[in-house]
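A closer look at the structure
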Amino acid sequence: MSAATAPAVLDHLVYAAPDPAAAAEELAELTGVRPVAGGSHPGRGTRNCLLGLAGPLGAGAYLELIGPDPEQPEPDGPRWFGIDALTGPRLVTWAVRATGLAERVARARAAGYDPGDAAAMGRSTPDGRRISWELTPPCAGGGGTPFLLDWGATPHPTAAGLPALVLEAFAVTGPDPAAATARLTALGGRWPDAPATAGPAGLTAVVRGPRGAVRLGRGAVAV
């Protein structure tokens, strides 16, 4: 099995918010675990904070909370993940970790799904380091289809020992679950939990911290 055909695994869930500081505070209050600063995305107008994910579903993955960076000028175009149009926090998409992205993109196109070309990205960490990775466009297939991400030589964010929540469930719903499954299969990925199901388009995840379980979707709610 080549690197480009090995299964792509869950890398992270993306929780976007128009006010990331307030969303981080809400998560800390609900779960008892406080997100830590990740860094800024120069030119994108965003910054993030992170929480590790644990348990059988979340091992080796993390939750990214992303929103506008007030210390950057307005970007030339819209911020990724529809952040500029958000009225509240929302679980917007997810990433699968893989290698050999150019070959994976070609294989996906041959299977009938175009995830877009992979491109280099990077950000600055709070301690001034520059980290980089490669990814396909995050919104190419809508939130129900993950994007591909390759960290290359950069240590994975979870290697820093992030404070973590247990990922108890992750679900994808949409009007055409068979198509969502086909797109994921074309990427060489697999569902981290239940398969896609029919319903209004969206993502939900259940995470657990010392203060109990919280459902993330259109906002965060204790369950």
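Residues numbered from 1 in each chain as written. Predicted model: local features only at pLDDT ≥ 70, side-chain atom pairs only at ≥ 80, totals over all residues. Heavy atoms only, no water.

Focus on the environment of glycine 60
Turning to its location among the elements, glycine 60 is positioned in the loop between α2 (55–58) and β4 (61–68). In this view, glycine 60 contacts Asp11, Leu53, Arg97, His156 and Thr158; residues no more than four positions away in its chain are not counted. (Helix = DSSP H or I, 4+ residues; strand = E, 2+ residues; numbered from the N terminus. Contact = heavy atoms within 4.5 Å.)

Quick notes on the packing of aromatic side chains
All told, the structure shown has 4 aromatic pairs when counted by the stated rule. When the centroid spacing of 6.3 Å and the interplanar angle of 70° are considered together, the rings of tryptophan 80 and phenylalanine 81 count as edge-to-face. Pairing tryptophan 94 with tryptophan 191 gives two aromatic rings, centres 5.6 Å apart and planes at 25°, and the pair type is stacked. With tryptophan 94 in strand β5 (residues 90–97) and tryptophan 191 in the loop between α4 (177–186) and β10 (197–198), this residue pair connects regions lying 97 residues apart in the sequence. (Phe/Tyr/Trp six-rings, centres within 6.5 Å; stacked < 30°, edge-to-face > 60°.)

What to know about the pairing of strand β12 (residues 212–217)
A large share of β12 lies buried, amounting to 5 of its 6 residues. With 5 bridges connecting them, strand β11 (residues 202–209) and β12 associate as antiparallel partners. What sits directly across from valine 207, in β12, is valine 214. Linking β11 to β12, which pair antiparallel, is a turn of 2 residues. The pairing of β12 with strand β13 (residues 219–222) spans 4 bridges and is classified as antiparallel. Bridging across to β13, leucine 216 finds its partner in alanine 220. (Buried < 20%, exposed > 50% of the residue type's maximum accessible area, 1.4 Å probe, protein only. Pairing = 2+ DSSP bridges.)

Let's talk about the nonpolar core
Nonpolar side chains tend to gather and get buried jointly when the protein is soluble and globular. Grouped together as the largest cluster of nonpolar side chains are 41 residues, with contacts concentrated most on Leu13, Leu63 and Trp94. Top contributing element to this core by residue count: strand β9 (residues 164–174), with 4 residues. Ignoring any residue separated from it by four or fewer positions in sequence, one finds leucine 13 in contact with Leu53, Tyr62, Leu63, Glu64, Leu91, Thr93, Trp94, Leu167, Phe170 and Ala205. Grouped together as the second largest cluster of nonpolar side chains are 18 residues, Ala16, Leu50, Leu86 and Ile131 included. (Core = buried A, V, L, I, M, F, W, Y, C linked by side-chain atoms within 4.5 Å.)

A look at helix α1 (residues 20–31)
Look at α1: 16 Å from first C-alpha to last across 12 residues, which is about the 16 Å you get at 1.5 Å a residue. What α1 keeps buried is the set Pro20, Ala23, Ala24, Leu27, Ala28 and Thr31. Buried positions in α1, seen along its axis, are confined to an arc of 140° and lie on one side of it. Exposed side chains of α1 directed beyond 90 degrees from the buried face belong to Ala21 and Glu29. (Expected span 1.5 Å × (residues − 1). Arc of directions from axis to C-beta.)

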